[in-house]
Amino acid sequence: MKWVSFRQGLAVHSGIVVDNRIVDLGPAPLEAWLQRRDEAENAMDLAPKLSLDGAELVQPIRRPGKILGIGLNYSDHAAETGREPPKVQTWFVKQATAANAPYGDVEMPSVSDKLDYEAELVVVIGEYGRHVPADRAMEIVAGF
């Protein structure tokens, strides 16, 4: 399922994307719907549907609890920095305010004249998990 948060008037609504349309689940935060996936699936037939093309998407999770990243996680990136790929994963933390809307503006700090850009894949973990085996990992993933 592809989840979105979008602006509807002054409110932010949650929705599910189906065939380039948004099934509008209303103003409850996406975090709440991720915990009630079955209810969201049942609402899909009854909820209003909007065009995805005209929607103003906002960041899916408004205030993520934490953002963790893995540095130098592919060989081309390590090579362009002149470094060897790490032998073990190198993790780093981003502030929750670093999350941005799809197509949102990226603000350049006034103390810098350069921005580094990368494409990022975000995995939203929807349920608690610790030492989850690889073959069960998708059970706790809410979305990408």
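My aim in this report is to walk through the structure given alongside it, one point at a time. (Residues numbered from 1 in each chain as written. Predicted model: local features only at pLDDT ≥ 70, side-chain atom pairs only at ≥ 80, totals over all residues. Heavy atoms only, no water.)

1. A look at the nonpolar core
If you look at soluble globular proteins, the nonpolar side chains tend to sit buried side by side. Counting residues in hydrophobic clusters, the biggest one holds 11 residues: Trp 3, Ile 16, Val 23, Leu 25, Leu 30, Trp 33, Leu 34, Ala 40, Ala 47, Ile 61 and Ala 142. Every element with two or more residues in this core is listed here: strand S3 (21-26) and helix H1 (30-35). Ranked by residues supplied to this core, first place goes to H1 with three residues. Look past the residues within four positions of Ala 40 in its chain and what remains in contact with it is Trp 3, Ile 16, Leu 25 and Trp 33. Of all hydrophobic cores here, the second largest spans six residues; its members include Val 4, Phe 6, Ile 22 and Leu 52. (Core = buried A, V, L, I, M, F, W, Y, C linked by side-chain atoms within 4.5 Å. Buried < 20%, exposed > 50% of the residue type's maximum accessible area, 1.4 Å probe, protein only. Helix = DSSP H or I, 4+ residues; strand = E, 2+ residues; numbered from the N terminus. Contact = heavy atoms within 4.5 Å.)

2. Quick look at the pattern of salt bridges
Two side chains bearing opposite charge may form a pair once their charged atoms approach each other closely. Tallying each qualifying case throughout the model produces three salt bridges. The partner of Glu 139 in a salt bridge is Arg 136, with the nearest N and O atoms 3.0 Å apart. For Arg 136, a relative accessible area of 43% gives the class partly exposed. (Salt bridge = Lys/Arg side-chain N within 4 Å of Asp/Glu carboxyl O.)

3. Section: a negative patch on the surface
Together, Asp 76, Glu 80, Asp 116, Glu 118 and Glu 120 make up a negatively charged patch on the protein surface. Here Asp 76 lies in helix H3 (residues 75-80). Residue Asp 76 is classed as exposed on the basis of its relative accessible area, which comes to 56%. (Patch = residues over 30% accessible without salt bridge, like charges linked within 9 Å, V, L, I, M, F, W, Y side chains within 5 Å. Areas by Shrake-Rupley, 256 points an atom, 1.4 Å probe, with all protein chains shown as cover. Lys, Arg positive; Asp, Glu negative; His and termini not counted. Charge placed at Lys NZ, Arg CZ, Asp CG, Glu CD.)

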